[in-house]
Amino acid sequence: MFRFRKTLDTITVFHKASSPASTRVANLLKQVSANAQAGATIDQASDHSSQNKATRDPFELNITEDPPTTDQVQTILEYVGTGGISEVIQGARDAKDAMEKFKRSKDSFVRPVTVDWNNGKAIAGDNESEILKLLNARK
């Protein structure tokens, strides 16, 4: 029987190498991604009952130091909601102000920002428990 393979969720980290917080987030995501890949198996006969730790489906991890595009910023602002706008764009009061600040200076974009594009979620900063929640959330 022919089946379509499910495409992997894409998780992007907008990273700044000189930021310790950003480096922590990138390392955390690399570790979670490696564990998810290692846990993925086609061997249905394997007994995984001894593994009591919940595992996440494998995902495509994209760590970039490039600034997001204007469209990506708009999407990220929608994902974080009004309460998170100032965490994504430094000093922004609302989405309109955030977009204006970003267009004037890409440096106003605060890193790290972790984005789950497939599930419509984003986390600004290095809050490990929030990032792990984002990674383990399923639709």
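All of these numbers come straight from a predicted model, not from anything done at the bench.

Engineer: How would you summarise the sheet that holds strand E2 (residues 59-64) if you had to cite specific residues and measurements?
Structural biologist: Taken in spatial order, the four strands line up as E2-E1-E3-E4 in an open sheet, and their pairing is mixed. Bordering the open sheet on either side are E2 and strand E4 (121-124), each of which pairs with just one other strand. The sheet shows a mean angle of 15° between the axes of neighbouring strands, direction not considered. Pairing of strand E3 (residues 113-116) with E4, which is carried by four bridges, proceeds in the antiparallel orientation. Looking at E4, one finds that aspartate 116 is bridged to lysine 121.

Engineer: With reference to specific residues and values, describe helix H5 (residues 128-136).
Structural biologist: The periodicity of an α-helix, 3.6 residues per turn, causes residues three or four places apart in sequence to face the same way. Among the residues making up H5, those that are buried are Ile131, Leu134 and Leu135. Angular distribution of buried residues about the axis of H5 spans 95°; they occupy a single face of the element.

Engineer: Go over the nonpolar core, please, and point to the residues and values.
Structural biologist: Counting residues in each nonpolar core, the largest one holds 17 residues, and the members touching the most others are Val73, Ile76, Leu77, Val88, Ile89 and Phe109. The leading source of residues in this core is helix H2 (residues 70-80), at four residues. With residues up to four places along the chain from it excluded, the contact list for valine 73 reads Pro68, Ile89, Met99, Phe102 and Phe109. Judged by nonpolar contacts, the second largest core, of 12 residues, contains Val25, Val32, Phe59 and Leu134.

What counts, and where the lines are drawn
All residue numbers refer to position in the chain's written sequence, counted from 1. Restriction of local features to residues with pLDDT of at least 70 applies here, the model being predicted, together with a cutoff of 80 or more for giving and counting side-chain atom pairs; totals for whole chains, interfaces and linings are based on all residues. Derived side-chain values reflect all non-hydrogen atoms in the structure, with water molecules and hydrogen atoms excluded from consideration. We call two strands paired when DSSP finds no fewer than two bridges between them. Helix numbers and strand numbers start at the N terminus; a helix is a DSSP run of H or I with at least 4 residues, a strand a run of E with at least 2. Axes, fitted as lines to C-alpha atoms, cover a helix only where it is in contact. Angles between the N-to-C directions of the axes lie from 0 to 180 degrees. A 1.4 Å probe rolled over the protein chains alone gives each residue an accessible area, and that area as a share of the maximum for its type sets the label: buried under 20%, exposed over 50%, partly exposed in between. Our arc is simply the arc of the directions from the helix axis toward the C-beta atoms. We define a nonpolar core as any set of buried Ala, Val, Leu, Ile, Met, Phe, Trp, Tyr and Cys residues linked to one another through side-chain atoms lying within 4.5 Å. Here, residues are in contact when the closest pair of their heavy atoms is within 4.5 Å.

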